[in-house]
Amino acid sequence: MENFMFQNTTKIIFGKGTQKLVGEEVRNFSNRILLHYGGGSIKKTGLYDEVIKSLKEAHIEVVELPGVKPNPRLGLVAEGIKICRNEGINFILAVGGGSVIDSAKAIALGINFNGKIWDFFTGKAKPEKAAPVGVILTIPAAGSESSNVTVITNEDGLIKKGFHSDLIRPKFAILNPEITFSLPEFQAACGACDAMAHVMERYFTHTENVDLTDRLCEATIKTVIENAPISIKKTNDYNSRAEIMWASTIAHNDILSTGRIGDWGSHKIGHEISAIYDTAHGASLAIVFPAWMKHALKDRENVFKLYQYAVRVFDVDPLFASKKDIALEGIRRLQQFLKGINLPTTLDDINISDDMFEKMAEKCVQFGPVGKFKRLFKEDVLAILRLAG
Ligand code: NZQ
Ligand code: ZN
């Protein structure tokens, strides 16, 4: 096991009706805030009215910035920063999914910074402070509600990149599974896949003696596999929604990374697809992850972990064939699961041809090879895209 430091400071407020507590929570930070949200789902569901009521009761003044799109853009972040500066605002409440939360985090980084915010993403600048961010989560997926990451797409060059800093970990996250009842099936499925992918990125490691976190990872993925199909079919099933919601937070709150070095190559390739084709993040991972696994399996040193995954997560008989064939069966069962929740599992499924493979592979490794379990150079990324074709 590797040495590690673990501190996740996000206060989680979980359960029925918890959105009503938002005013009280916000009051601990500010009485004037930016309310940031997406394309309008929160208005349709009535969540917006509940939030405004709670904020009013707590005497919080609200300036609004709606319009965050999935795969959030730098342009809206710049607008948010301008509004906060002009209005003297130093707290952002994100009501939405990963896209809204990530946009809020990026605004929080920019309010008190005089340079170009994109410089944080390219490593040219380091932030010294960030405004606090609070969250009401509406889709269990990205784990951004308690992660230290923001992922933004720069329209200039269509570059989708993540930036990590403990400064942007949300101060609180309100998680009410009932709020997710209104999710379209496709979004719920994408969310389940993203949560699984966050665990798998951590699971595939060459760090040895990580039994506890291996088992925690397996339990989290199995929980998603069991509950995602139920929650997608029975939209108002609180218990399965609750399991998925908590699993997707745990998948990305860093407890599962303790003492081990994760991979993250599949996410990097997924971002290239989303940057160019605006593909939903979870769908990009449903396509890339199985292809990445097949490619990783070509190296002898990677076989055991993929074999262990097949046996422990997908219950493949450990003696039914060679370790490599058992690993392949695990990948087949993963794809079958993803298809079962109606996700695309090939690029062809979403009408993406090989036209941009070269460009995607080049962009993916422009700052150097990606992935730790399986180090990926341009040729590897191309091979994975072809396997995903
Ligand atoms: O915009 P609205 O109208 O709210 O609709 C959204 C959006 O269209 C809809 N939705 C959300 N909650 C709903 C709902 N519709 C009905 N009822 C509800 N309760 O769902 C759509 C997708 O929302 P989005 O926020 O994009 O989804 P998700 O949470 O999957 O976030 C994806 C983004 O997060 C990034 C991804 O790259 C992508 O940009 N990630 C962020 C991470 C992080 N910060 O730690 C880690 C992840 O790996 C990921 O990269
Ligand atoms: Zn993800």
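Residues numbered from 1 in each chain as written. Chains lettered and ligands numbered in written order. Predicted model: local features only at pLDDT ≥ 70, side-chain atom pairs only at ≥ 80, totals over all residues. Heavy atoms only, no water.

**As for the pattern of salt bridges**
Rules: The term salt bridge refers to a side-chain nitrogen of Lys or Arg lying within 4 Å of a carboxyl oxygen of Asp or Glu. Numbering goes from the N terminus for both helices and strands, where a helix is a DSSP run of H or I of at least four residues and a strand is a run of E of at least two. Only protein chains enter the accessibility calculation, which uses a 1.4 Å probe; a residue is then buried when its area is under 20% of its type maximum, exposed when over 50%, and partly exposed in between.
Applying the stated criterion across every chain, the model contains 21 salt bridges. The salt bridge partner of Glu61 is Arg32, with a shortest N-O separation of 2.8 Å. Here Glu61 is found in strand 3 (residues 61-65), whereas its partner Arg32 is found in strand 2 (residues 32-37), with 29 residues between them in sequence. Overall, the relative accessible area of 46% leaves Glu61 in the partly exposed class. Under the relative-accessibility criterion, Arg32 is labelled partly exposed at 23%.

**Describing the packing of helix 8 (residues 211-233) against helix 12 (residues 303-313)**
Going by this rule: Orientation is described by axes fitted as lines to C-alpha atoms, over the contacting stretch for helices, and by angles from 0 to 180 degrees between their N-to-C directions. In this scheme, roughly parallel covers angles under 35 degrees and roughly antiparallel covers those over 145, while 65 to 115 is roughly perpendicular and the rest are oblique. Left-handed describes a crossing in which the near helix is turned anticlockwise from the far one by less than a right angle; the clockwise case is right-handed. The criterion used for residue contact is that any of the two residues' heavy atoms lie within 4.5 Å.
At a closest axis distance of 10 Å, the pairing of helix 8 and helix 12 adopts a crossing angle of 50°. As far as their axial angle goes, helix 12 and helix 8 are oblique. The handedness of the crossing between helix 8 and helix 12 comes out as right-handed. Mapping the contact onto sequence places Asp214, Arg215, Glu218, Ile221, Lys222 and Ile225 in helix 8 and Lys305, Gln308, Tyr309, Arg312 and Val313 in helix 12.

**As for a nonpolar patch on the surface**
This is how it is decided: A patch consists of residues whose relative accessible area exceeds 30% and which take part in no salt bridge; residues with like charges are grouped when within 9 Å of each other, and nonpolar side chains (Val, Leu, Ile, Met, Phe, Trp, Tyr) when within 5 Å. In this description, accessible areas are obtained by the Shrake-Rupley approach with a 1.4 Å probe, and a residue is regarded as covered only by the protein chains that are shown.
A surface patch of nonpolar side chains, about 330 Å² in accessible area, is lined by Met1, Phe4 and Phe6. By the element assignment, Phe4 lies in the segment before strand 1 (11-14).

**Considerations on the domain arrangement of the protein chain**
For the record, the criterion: Per the annotation, domain bounds derive from an automatic or database assignment of domains. Note on terms: buried area is the combined drop in 1.4 Å-probe accessible area of two parts once they are placed together, counting the loss on both.
Per the domain assignment, the segments making up the protein chain are domain 1 (11-178) and domain 2 (183-387). Between the C-alpha centres of domain 1 and domain 2 there is a distance of 27 Å. Between domain 1 and domain 2 the total buried area reaches about 2300 Å² when both faces are included, carbon and sulfur atoms providing 62% of it. By the criterion of area lost to domain 2, the three top residues of domain 1 are Pro140, Lys160 and Pro177, representing 25% of everything that side buries.

**Structural notes on the coordination of the zinc ion (ligand 2)**
What counts, and what does not: Each metal's donors are the N, O and S atoms found within 2.8 Å of it, except that Na, K and Ca use a 3.2 Å limit; water is left out, so coordination can look incomplete.
Within the protein, the atoms that donate to the zinc ion (ligand 2) are Asp194 (OD), His198 (NE2), His267 (NE2) and His281 (NE2), at distances of 2.0 to 2.1 Å. Each donor residue of the zinc ion (ligand 2) belongs to the same chain, with the gaps between them written as D-x3-H-x68-H-x13-H. Of this pair, Asp194 sits in helix 7 (residues 185-203) while His281 sits in helix 11 (residues 281-296), placing them 87 residues apart in sequence. Its relative accessible area of 2% is what places Asp194 among the buried residues. You can call His281 buried: its relative accessible area is 18%.

**Description of the packing of aromatic side chains**
For the record, the criterion: Note on aromatic pairs: the rings of Phe, Tyr and Trp (six-membered ring only in Trp) are paired at centre separations within 6.5 Å, and the planes decide the class, stacked below 30 degrees, edge-to-face beyond 60, tilted for the rest. For a Lys NZ or an Arg CZ to count as sitting over a ring, it must be within 6 Å of the ring centre and within 35 degrees of the ring normal.
For the coordinates displayed, the defined rule picks out 18 aromatic pairs. Both rings, one in Trp118 and one in Phe121, keep their centres 4.8 Å apart while their planes meet at 10°; by these two values the pair is stacked. Here Phe121 and Trp118 lie together in helix 6 (residues 118-122), a separation of three residues that amounts to about one turn. The same class applies to Trp118 and to Phe121, which are both buried. Its guanidinium or amino end placed over the ring of Tyr238, Lys16 lies 4.4 Å from that ring's centre, counting from NZ or CZ. Just above the ring of Tyr203 sits the side chain of Lys305; from NZ or CZ to the centre is 5.1 Å.

**Some details on the sheet that holds strand 2**
Condition: Two strands are counted as paired when DSSP detects at least two bridges linking them.
Here six strands make up an open sheet; going across it, the order is 1-8-5-4-2-3 and the pairing parallel. Looking along the sheet, the strands with just one partner apiece sit at the ends: strand 1 and strand 3. Strand-to-strand twist across the sheet, computed as the mean angle between neighbouring axes with direction ignored, equals 20°. Looking at chain direction, strand 2 and strand 4 (residues 92-96) are connected through four bridges and run parallel. Within strand 4, the residue paired with His36 across the bridge is Ala94.

**A word on the site of ligand 1**
Heads up, the rule is: If even one non-hydrogen atom of a residue comes within 4 Å of a molecule or strand, that residue is called near it. Pairing of N or O atoms within 3.5 Å defines a polar contact, subject to two protein rules: one partner must be a possible hydrogen donor and the other a possible acceptor, and residues neighboring in sequence count only if both atoms are side-chain atoms. In this classification, the charged set is Asp, Glu, Lys and Arg, the nonpolar set is Ala, Val, Leu, Ile, Met, Phe, Trp, Tyr, Cys and Pro, and all remaining amino acids, among them Gly, are polar.
As a structural note, the neighbourhood of ligand 1 is formed by 31 residues, with Gly98, Ser99, Asp102, Ser147 and His198 the closest of them. Within the backbone of Val149, one N or O atom sits 2.9 Å away from a nitrogen atom of ligand 1. Separating an oxygen atom of ligand 1 from a side-chain N or O atom of His198 is a distance of 2.7 Å. The fraction of the free accessible surface of ligand 1 (960 Å²) that becomes covered by protein chains is 90%. Put simply, the parts of the chain that give the shell around ligand 1 at least two residues each are helix 5 (98-110), strand 6 (149-154), helix 7 and helix 10 (265-277). In the shell around ligand 1, the residues fall into 10 nonpolar, 18 polar and three charged. Both domains that meet at the shell around ligand 1, namely domain 1 (11-178) and domain 2 (183-387), each give it at least three residues.

**What about the packing of helix 10 against helix 11?**
At a minimum axis separation of 8 Å, helix 10 and helix 11 run at an interaxial angle of 130°. The angle between helix 10 and helix 11 falls in the class oblique. Judged by the twist between their axes, the crossing of helix 10 over helix 11 is right-handed. The residues of helix 11 that touch helix 10, namely those facing Ser266, His267, Ile269, Gly270, His271, Ile273 and Ser274, are His281, Ser284, Leu285, Val288, Phe289 and Trp292. Broken down by class, the residue content of the contact of helix 10 with helix 11 amounts to six nonpolar, seven polar and no charged.

**Points about the pairing of strand 5 (residues 133-137)**
In terms of burial, strand 5 is a largely internal element, five of the five residues being buried. The alternating pattern of strand 5 places Val133, Val135 and Leu137 on one face and Gly134 and Ile136 on the opposite face, and all of these are buried. Here strand 4 runs beside strand 5; their pairing, made up of five bridges, is parallel. Pairing of Ile92 across the sheet is with Val133, part of strand 5.

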